[in-house]
Amino acid sequence: DMKRMLLLTALMAILGPSTCEKAPSVAIYGTWEAVKMEATMTGMTMTVDMAEAGMTMLFTFKADGTGSTYIESEGQGERVPFEYELYGNILTLSSDGATSGVPITIEKKTMVMEIDGEDLGEDFAKLKIYFNKK
């Protein structure tokens, strides 16, 4: 289904290839739950409410530079461990030898990840994922 593909595509883009400099940030520590995704594709924007869609995406960031993401859709859940760094507003995630950098904004208990369409495929312009800190 389209929403599941969008979710998996987003995760692959976040954990896909790229490089960046290193430095941790206390603001990111903790567990963040995705509440909605906005995908812009060939001129139209689609918003997916995670709860309505029955999907869960959690990112947990520990102080030691490690963390994990947990994704559940249609009763199928998967946890993927990663290492991370935050330099300025670029979050760099490394998992299974692949590293990627994605711009994020954190304001109090809200985090937004913005993934460039080039990382997602030709139909995408961009994808924003909105998280609330748990």
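Note that the coordinates shown come from a computational prediction; the quantities given were computed from them, not determined experimentally. Starting from 1, residues in each chain are numbered consecutively following that chain's sequence as written. Reporting of local features is limited, given that this is a predicted model, to residues whose pLDDT is at least 70; pairs of side-chain atoms are given and counted only at 80 or more, and all residues count toward the totals for whole chains, interfaces and linings. To get the side-chain values, all heavy atoms of the structure are used, and hydrogens and water are removed first.

## Let's talk about the pairing of strand β8 (residues 110-116)
Quick reminder of the rule: Any two strands with at least two DSSP-identified bridges between them are counted as paired. Helix and strand definitions here come from DSSP, where helices need a minimum of 4 consecutive H or I residues and strands a minimum of 2 consecutive E residues; each element is numbered from the N-terminal end.
When strand β7 (residues 98-107) meets β8, the two strands line up antiparallel, connected through 4 bridges. When the bridges of β8 are listed, I104 appears paired with M113. What sits between the antiparallel neighbours β7 and β8 is a turn of 2 residues, in which K108 has the positive phi angle 50 degrees.

## Some words on the nonpolar core
Keep this limit in mind: Remark: nonpolar core denotes a set of buried residues (Ala, Val, Leu, Ile, Met, Phe, Trp, Tyr, Cys) joined through side-chain atoms within 4.5 Å. To sort residues, take the accessible area from a 1.4 Å probe on protein chains only and compare it with the maximum for the residue type: under 20% means buried, over 50% means exposed, and anything in between is partly exposed.
Grouped together as the largest cluster of nonpolar side chains are 28 residues, with contacts concentrated most on I28, F61, L91, M113, I129 and F131. When residues of this core are traced back to their parent elements, those giving at least two are β1 (30-41), β2 (44-49), β3 (55-61), β5 (76-87), β6 (90-95), β7, β8 and β9 (124-133).

## Describing unusual backbone geometry
With a phi angle near 55 degrees, E74 is a residue other than glycine that sits in the positive phi range. Structurally, E74 can be placed in the loop between β4 (66-73) and β5. Unlike most non-glycine residues, D96 shows phi in positive territory, near 50 degrees. Within the fold, D96 resides in the loop between β6 and β7.

## Focus: the pairing of β5
Direction of pairing for β4 relative to β5: antiparallel, over a ladder of 8 bridges. Each residue of the ladder has a partner; that of T69, found in β5, is V80. Between β4 and β5, which pair antiparallel one after the other, the connecting turn spans 2 residues, and E74 there sits at a positive phi close to 55 degrees. Where β5 lies against β6, 5 bridges are found, and the strand directions are antiparallel. Its bridge partner being in β6, Y87 is matched across the sheet by I90. Linking β5 to β6, which pair antiparallel, is a turn of 2 residues; within it G88 sits at a positive phi near 65 degrees.

## Regarding the environment of M41
Of note, M41 is situated in strand β1. Classification of M41 as buried rests on a relative accessible area of 8%. Between the C-alpha atoms of M41 and A125, which are 84 residues apart in sequence, the distance is 5.4 Å.

## Some points on the confidence of the model for the protein
Interpreting fine coordinate detail is not advised for predicted regions of low pLDDT. Quick reminder of the rule: Confidence of the predictor at the level of single residues is captured by pLDDT, which takes values from 0 to 100. In this description, contact between two residues means that some pair of their heavy atoms is separated by no more than 4.5 Å.
Here the protein shows a mean pLDDT of 83. Residues at 70 or above account for 76%. Mean pLDDT across the elements of the protein ranges from a minimum in helix α1 (residues 2-14), with 67, to a maximum in β3, with 95. Scored below 50 in pLDDT, residues 17-24 shows 17 contacts in the model against residues more than four places distant or in partner chains.

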